[in-house]
Every structure is written in structure tokens, then in C-alpha cells.
Amino acid sequence: MRRTTSAAAAALVLAGLITAAGPAAAATGTTPCAPSVDLLPALPGTSGGSVAGFGAGGLAVGASGSLPAYWTGPEHTVHAVPLPAGFAEGGVKAVSATGLMVGSATRTADRAAVAFTHQMGSATSEALTTPVAGGYEVAVDVNASGRVVAVDNGVAKEWVNGAAVRELPVPADAIPGTRIVSLTGINKRGDIVGTATGSYFDAENDIEVTKTFPVVWPAGGGYPPYSLQVWNGYHSSFSTVGRDIDDRGRVVGLEHYHYRNDPTRTPAVWQKPYDALPTDPGRLGAHRDLELSGSSATTNVAVGTATTFEESWPSYFQAVYWPGKGAPMALPHPAGSTGDTLSRAFAATDDDRVGGALVDRNTQASTPVVWNCASRQAYAPQK
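Note that the coordinates shown come from a computational prediction; the quantities given were computed from them, not determined experimentally.

## Comments concerning the overall build of the protein
Now for step 1: The number of helices and strands found in the protein is one helix and 28 strands.
Now for step 2: By the compact-globule yardstick of 21 Å for 383 residues, the protein fits well, its C-alpha radius of gyration being 20 Å.
Now for step 3: Along the first, second and third principal axes, the C-alpha set of the protein runs to 65 × 50 × 40 Å.
Now for step 4: Relative to its full complement of 383 residues, the protein shows a buried share of 51%.
Now for step 5: Taking the intrachain contacts of the protein between residues at least 6 apart in sequence as the baseline, contacts between residues at least 24 apart amount to 49%.
Now for step 6: For the protein, the accessible area works out to roughly 16500 Å², and carbon and sulfur atoms hold 52% of it.

Okay, here's the thing in C-alpha cells:
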């Protein structure tokens, strides 16, 4: 393991970063931990990567270079995950309590992508969905008990033990032409969050109507799905996306405005019973934009990335920790980092770990990273 920041060193690094308000309080109910920023090793012959999820016993999953990988033990020993036959690149997105991993894989020849499953310890991985052209990742998630969700050839599905057990319908109140484009989260209970998009021509008003919005399907399939409310709809420049759902049913994501050279990303949070507009938890320091990407199961924590765009390019970005109330906070970089060190956060756990990537702004090289005892390291940046 390359543990770059011990508990003592972390305190020194943070001393120059944390405002007078001090670090965030430790998450309620977590066991004692030692704050550290751990850079994870790469598979032989690869470099870069990121942490996308966590499992039991300190397991972390993600990508090493362009290959799926996972890390185990206090030394973060790196292990390769086999790709499905015929596929050359990919990454693990999540893992169940029993080691069932799910991820996305891409072919070299035509850039077609599939979701795949891999049981930890197995010699093979299995493609779960039909290959989709276009070079885009296929969103996929698995909950603690092993229920898997993804969109397969345009149909939103849930699988148990490798068999599809239900198809997820488009909400009845959706505009004409709506389809489910991604499934990105499933909680312990089995509630699912994804994103739908629809478009049709309104001849009466002579306009093209487009709406992209999050959807929640309650566990079990006995209830209709919820169309989550959005701030701005009916125009293709706005896309509102649900990224994750915790065990209380809280959904986190973002509204993405994309028009010419002025993109914006606004963090969004929806609470049950999903009968109100999302709330905006605010921004990080001088960063204008922020997106939420993941959440812990029960401690109300959400993580993501704050961004500053320059001519539509994300020139600066910083990993964000939001405890569920108050302002978003930043996660520190390792000792010796320069102003050209950037970071993103993708996943959080109830035991106060956050996973993501460090990125060198000049070379764009990335390194998988885990923030241990994240709540005690998160800080309010000086303006």
C-alpha cells in the first residue's frame, strides 16, 4: 500500500487548509478510524484509474487504467477482474455484500458496450446486456443482496441470480416518446433510481419538447414509478439526472445545462415522498458548479465533484463531501500535492470511507484514492 498520509501527517496537511470552523464532525454511528488519504496501486502494466464503489471487509472496486480491478486488505492489494469474452476495456461500478461485482465493458473494434457481472474469485465474467454501439458506458448497479439493474437493449431490467425478474415501466405521466436511458442505483430495500428522456414535436406551439428527468421504481414492482420533479424541463439544453439512492430513499444527482460554451452543473437532492422540487445543497468555495455522484447507505452523506469550467472545459475540479446538511465541503489532497492536483469523489460508505480519483491537471494522469475517516478530513475551503 502507498499510504501517503498517516493520521499524524493528515493533521499537518489539513492544518493549512481548514478554516476556523474546523473539520466536520465524524459521521454518527461510525466506528473509530484514523484519517488518511490512500493512493491505491495499479495493476502491472497499467496506470491511472479510480475507485467507484465499496464492499464488505474493506473491499474497494473500480478501474486500474482501462481495466476492471478491485483492492483488498489494509495494504490495498490490487486484483484484476476478467473481462467478458470479446471485450478489451472496462471498470467495476459496484459490488454486493457477497462479492458479486457489476461493471461496464467495451469492445475495441466497434466501441460497443455491455454491462457485466463477476463473482469475486471466479475465473470469468459474464456479459449481462446486449452490446450497445456508440462508445458509451452502460450504467449498472447491484445492491447488498445481489439484485442487479441496468438497461438492456432499450429495456430497463432487474436481475436476480442472473435471471431477469422484472422490466421497469416508463412512468404513466411521462411525455410522449419517453424511454429509460440508464439505471444508476438500487438500495438495500430494492428501490431503483434511473433516468428517462423523451422528446416530441408540439405542432400547436411549433416547438420540439424534450425532457430528461430521474425516475424511482419502488421495490418489488407493486407500485407505479415516481417521475421526480425538475427545475427546468421541456428543453434539450437541460438534463436532470439521478445518480444514487440511499436506504431512506433519498436521491442525489444533478441538473446539467449544456448550451454552446456555457455548461452548468447544479446539485440536486430529492426526498420521499417525491412530491416536491429537488433542493440545492449549495456550492464549494469559488466553484460555480457541483454534481453529486454517490451516497452512503444510512448516514446521509453524499459525495461528488465541484467544477470550474473554462471555455466549456472542466479546468479545475475538487472532490466534495456533503454530510447531508449545511454547505458542501472539500476532501484534502495528499501531502506534497500542488495546485495542479485535482480530485473527484464517486462513492461513500457508512463506515466513513470515500472513493474516487486524483488527477494531474497537466498530464491528466489519474490515481485511485480512498479517503478514510472522511468526515474528520472534510473542510470548508478558504475563499
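## Some remarks on the sheet that holds strand β9 (residues 113–119)
Now for step 1: Reading across from one edge, β7-β8-β9-β10 is the order of the four strands in this open sheet, with antiparallel pairing throughout. Among the strands making up the open sheet, the edge pair consists of β7 (89–95) and β10 (126–127).
Now for step 2: Summarising the sheet, β7 and strand β8 (residues 100–106) pair through six bridges and their orientation is antiparallel. Residue pairing for β8: G90 is matched across the bridge by A105.

## As for the state of the cysteines
Now for step 1: Going through the model one piece at a time under the given rule, you end up with one disulfide.
Now for step 2: Two residues share a disulfide in this structure: C33 and C373, whose sulfurs sit 2.3 Å from each other. Of note, the bridge from C33 to C373 carries an S-S torsion of about 70 degrees and is right-handed in sense. Here the residue C33 occupies a position in the loop between α1 (7–15) and β2 (36–39), and C373 occupies one in the segment after β28 (366–372), the gap between them amounting to 340 residues.
Now for step 3: Residue class for C373 comes out buried when judged on its relative accessible area of 1%.

## A look at the environment of G62
Now for step 1: Mapped onto the secondary structure, G62 falls in strand β4 (residues 60–64).
Now for step 2: Here G62 falls in the buried class, since its relative accessible area comes to 1%.
Now for step 3: Sequence separation between G62 and G220 is 158 residues, and the spatial gap between their C-alpha atoms is 29 Å.
Now for step 4: If we skip the residues at most four places from it in the chain, G62 touches S50, V51, A52, L67, P68, A69, W71, G91 and V92.

## Quick notes on the sheet that holds strand β19 (residues 238–245)
Now for step 1: Spatially, β19-β20-β21 is the arrangement adopted by the three strands of the open sheet, whose pairing is antiparallel. Since the sheet does not close on itself, it has two edges, and those belong to β19 and β21 (264–270), each with one partner. Averaged over all pairs of adjacent strands, the angle between strand axes in this sheet comes to 25 degrees, irrespective of strand direction.
Now for step 2: Where strand β20 (residues 251–257) and β21 come together, seven bridges link them in antiparallel fashion. In the sheet register, V252 faces β21, and the bridge partner there is V269.

## Side note on the pairing of strand β5 (residues 67–72)
Now for step 1: Bridge count for β4 against β5 is five bridges, and the pairing is antiparallel. Within the sheet, the bridge partner assigned to A63 lies in β5 and is P68.
Now for step 2: The turn linking β4 back onto β5 is made up of two residues, and G65 within it adopts a positive phi angle of 60 degrees.
Now for step 3: Judged from the four bridges that link them, β5 and strand β6 (residues 77–80) form a sheet pairing that is antiparallel.

## Re the side chain of T349
Now for step 1: Structurally, T349 is set in the loop between β26 (341–348) and β27 (354–360).
Now for step 2: Looking at T349, the relative accessible area reads 13%, which means it is buried.
Now for step 3: Here the side chain of T349 touches R353 through a polar contact of 2.9 Å, landing on its backbone nitrogen.
Now for step 4: If sequence neighbours within four positions are ignored, T349 has contacts with F54, S296 and T299.

## A short note on the packing of aromatic side chains
Now for step 1: This structure, assessed with the given rule, holds two aromatic pairs.
Now for step 2: Ring centres of Y226 and Y274 lie 5.1 Å apart, and the angle between their planes is 65 degrees; on these two criteria the pair is classed as edge-to-face. Of this pair, Y226 sits in strand β18 (residues 226–227) while Y274 sits in the loop between β21 and β22 (289–295), and the two are 48 residues apart along the sequence.
Now for step 3: Exposure remark for Y226: the relative accessible area of 35% places this residue in the partly exposed category.
Now for step 4: Residue Y274 is classed as buried on the basis of its relative accessible area, which comes to 8%.
Now for step 5: A centroid spacing of 4.9 Å and a plane angle of 45 degrees characterise the contact between F238 and Y257, whose relative ring orientation is tilted.

## A short note on unusual backbone geometry
Leaving glycine out, the prevailing phi sign among residues is negative, and the prevailing peptide bond configuration is trans.
Now for step 1: That bond from K272 to P273 is cis: its omega, 10 degrees, falls within 30 degrees of zero.
Now for step 2: If you trace the backbone, P273 turns up in the loop between β21 and β22.
Now for step 3: The phi dihedral of D352 falls on the positive side, at around 75 degrees, and the residue is not glycine.
Now for step 4: Tracing the chain through its elements places D352 in the loop between β26 and β27.
Now for step 5: With a phi close to 65 degrees, Q364 is a non-glycine residue in the positive phi region.

## Structural notes on the environment of Q271
Now for step 1: With respect to the element layout, Q271 can be found in the loop between β21 and β22.
Now for step 2: Overall, the relative accessible area of 47% leaves Q271 in the partly exposed class.

## Observations concerning the pattern of salt bridges
Now for step 1: Under the definition given, this model contains 15 salt bridges.
Now for step 2: E137 is paired through a salt bridge with K93; the nearest N and O atoms lie 3.1 Å apart. Residue E137 is located in the loop between β10 and β11 (140–142), and its partner K93 is located in strand β7; the two are separated by 44 residues in the primary sequence.
Now for step 3: Judged by its relative accessible area of 59%, E137 falls in the exposed class.
Now for step 4: With a shortest N-O distance of 3.1 Å, R353 and D351 are connected by a salt bridge.

Parameters at a glance
Residues numbered from 1 in each chain as written. Predicted model: local features only at pLDDT ≥ 70, side-chain atom pairs only at ≥ 80, totals over all residues. Heavy atoms only, no water. Helix = DSSP H or I, 4+ residues; strand = E, 2+ residues; numbered from the N terminus. Rg over C-alpha atoms; globule rule 2.2 N^0.38 Å. Buried < 20%, exposed > 50% of the residue type's maximum accessible area, 1.4 Å probe, protein only. Contact = heavy atoms within 4.5 Å. Areas by Shrake-Rupley, 256 points an atom, 1.4 Å probe, with all protein chains shown as cover. Pairing = 2+ DSSP bridges. Disulfide = S-S within 2.5 Å. Axes fitted to C-alpha atoms, helices over the stretch in contact; angles between N-to-C directions. Polar contact = N/O pair within 3.5 Å; in protein donor to acceptor, adjacent residues only side chain to side chain. Phe/Tyr/Trp six-rings, centres within 6.5 Å; stacked < 30°, edge-to-face > 60°. Salt bridge = Lys/Arg side-chain N within 4 Å of Asp/Glu carboxyl O.

None of this, on its own, says anything about what the molecule does.
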